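Spelled out, the chains give:
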Amino acid sequence: PLYVNSTMRTFIVLPAFKFIKVEKIRDQLLECNKETYWVPDYVKEKRFHNWLEGARDWAVSRSRFWGTPLPVWISQDGEEIVVMDSIEKLERLSGVKVNDLHRHHVDDITIPSSRGPEFGVLKRVEDVFDCWFESGSMPYAYIHYPFENRELFEKNFPGNFVAEGLDQTRGWFYTLMVLSTALFGKPAFKNLICNGLVLAEDGKKMSKSKQNYPSPMEVIDEYGADALRLYLVNSPVVRAESLRFKRIGVFGVVKDVFLPWYNAYRFLVQNAKRLEVEGLTAFSPIDQASLRKSSNVLDHWIHSATESLVSFVHQEMDAYRLYTVVPYLVKYIDNLTNIYVRFNRKRLKGRTGEEDCKISLSTLYHALVTTCVAMAPFTPFFTEVLYQNLRKASSKSEQSIHFCSFPSTTGERDERVERSVTRMMTIIDLARNIRERHSKALKTPLNVWHRTIVA
Ligand SMILES: *[C@@H]1O[C@H](CO)[C@@H](O)[C@H](O)[C@H]1NC(C)=O
């Protein structure tokens, strides 16, 4: 149960006492909407804006038994109306001790008319609140504001972030906005992600009776919760469009993200273990500051690419664009395996000497740890599994990946090296295309004539 703030009273239209005068604050609602940030922005600027422009007075009363009783007491002749804004006030006016605010406890409580005994008593109106009123009261009710936690509330209002489905433009998003505007002249939230609907593969609504969707637990058992999560985070759903849920799409995430990622990790672990097998000192990663002195260009490059990944994730998360993160990560892992590992196989396998081997393994190690830390919010289980093993090699590790701070950007990017590697990869791709056009397998040596074409 909740209470109506005293300011709220002015918005309860009397004597019908069943509406909130939303039309009166319509311009203010539109102003408050401007102060918010939505992903995607068109839902805010079109759909929600239009809805606010046409806002009507809100009928907040419902005839129900279960619900929050409207805290309005009225005299028989309708002349005298008291709105309770606290239990204390109800107790004071009625002389009754109140322990429970459900209908069956408060319906019989009467208060004497202030005009004298001949005017009888005031009784509570029958109705309860429209439950959307309670949804919209979440920012206050959940901490029992204003009766408790005033400071907590003042420090944290408006809330930083809310997320709900597109249908909530007329529901929760709306009632949050109406109540906070009426009470404080502010929106209730600063940032909002509006999500679309997850539909069945056939494009219809998921339906329990039709069973036109795979069981979530089966999907999780088969591919893991992280794969399902990443599939959804990477889908049109996080930009308010609908998604046709496809089991094969979840498998795609396993194949395109987790397997290559795991392979890069396994390659590191195998080669770190090899050091011990060969009777060398156990692998312990060289610290990143010392690694900066490495003269290897690809070491610099992967370090810079990791920095770029971290700053990209920061930037996109700050902008609430979840769906850009996964494609970038996939590309990063692709680069890590197909460029870094592939071009450094000899070093990682120890063919260029113990020292160089340790430098390249340490570089790969830090790239993987940073990637795991940056991705932990999206793939909490998978990154934890990798981290629990990776941390054994480091004395400065945390107990869990979820205790690690989100990596901050050091700004140590080397754009020149990044550009060079991009150029190198472009050339390699072009040459590969030419080989393909001439049906020359990748490993076939070329004679001078072919080399000229490639050049
Ligand atoms: C991957 O490497 C390519 C080629 O060097 C580069 O253009 C791209 O920006 C890199 N992407 C990521 C995410 O590291």
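Quick caveat, the model's predicted, so the values are computed rather than measured.

Reports often express the size of an interface as the amount of accessible area lost when the parts come together. Each assigned domain of the protein chain is listed with its residue range as follows: domain 1 (6-70 + 125-192), domain 2 (267-413) and domain 3 (423-454). When each unit is reduced to the centre of its C-alpha atoms, the spacing between domain 1 and domain 2 is 46 Å. Roughly 360 Å² is buried in total at the junction of domain 1 and domain 2, and carbon and sulfur atoms are behind 65% of that figure. If you look at where domain 1 meets domain 2, you find 0 salt bridges. Across the domain 1-domain 2 interface, the total number found is 2 residue pairs in polar contact (both at pLDDT 80 or more). Of all the elements in the fold, those that place two or more residues in the side of domain 1 that touches domain 2 are β2 (37-39) and β10 (159-165). Within the side of domain 1 that touches domain 2, the residues separate by chemical class into 3 nonpolar, 2 polar and no charged.

Bringing the layout of surface pockets into the picture now. Volume-wise, the largest pocket comes out at about 950 Å³. Lining the largest pocket are 39 residues, and of these Q288, Y365, H366, V369 and T370 lie nearest its centre. Every element with two or more residues in the lining of the largest pocket is listed here: α13 (288-291), α14 (297-318) and α17 (354-375). No other element matches the 8 residues that α14 contributes to the lining of the largest pocket.

This brings us to the nonpolar core. By size, the foremost hydrophobic cluster in this structure holds 67 residues, and its most contacted members are W261, L336 and L368. The dominant element in this core, judged by the number of residues it contributes, is helix α12 (residues 247-277), at 13 residues. Sequence-distant contacts of W261, defined by excluding residues within four places in its chain, comprise L329, I333, L368, T371, C372, M375, T379, F382, T383 and L386. Ranked by size, the runner-up nonpolar core spans 40 residues in total, among them L52, V83, V178 and C194.

Turning next to the site of the ligand. Every residue near the ligand is listed here: Y328, K331, Y332, N335, V421, T422 and M425. N335 places a side-chain nitrogen or oxygen 2.3 Å from an oxygen atom of the ligand. Take T422: an N or O atom from its side chain is 3.2 Å from an oxygen atom of the ligand. Considered on its own, the ligand offers 360 Å² of accessible surface; in the complex 76% of this is hidden by protein. Here the ligand is seated within the second largest pocket. The set of elements that each furnish at least two residues to the shell around the ligand consists of α15 (325-343) and α19 (415-437). Top element by residues in the shell around the ligand is α15. It accounts for 4 residues.

Conventions and cut-offs
- Residues numbered from 1 in each chain as written.
- Predicted model: local features only at pLDDT ≥ 70, side-chain atom pairs only at ≥ 80, totals over all residues.
- Heavy atoms only, no water.
- Domains from an automatic or database assignment.
- Buried area = accessible area lost by both parts, 1.4 Å probe.
- Salt bridge = Lys/Arg side-chain N within 4 Å of Asp/Glu carboxyl O.
- Polar contact = N/O pair within 3.5 Å; in protein donor to acceptor, adjacent residues only side chain to side chain.
- Helix = DSSP H or I, 4+ residues; strand = E, 2+ residues; numbered from the N terminus.
- Nonpolar A, V, L, I, M, F, W, Y, C, P; charged D, E, K, R; others polar.
- 1 Å grid on protein atoms, 1.4 Å probe; cavity = no way out; pocket = protein on both sides within 12 Å on 5 of 7 lines; lining within 4 Å.
- Points joined across faces, edges and corners; volume = space filled by probe spheres on them.
- Core = buried A, V, L, I, M, F, W, Y, C linked by side-chain atoms within 4.5 Å.
- Buried < 20%, exposed > 50% of the residue type's maximum accessible area, 1.4 Å probe, protein only.
- Contact = heavy atoms within 4.5 Å.
- Near = heavy atom within 4 Å.
- Areas by Shrake-Rupley, 256 points an atom, 1.4 Å probe, with all protein chains shown as cover.
- Sits in = over half its atoms within 2 Å of the grid points.

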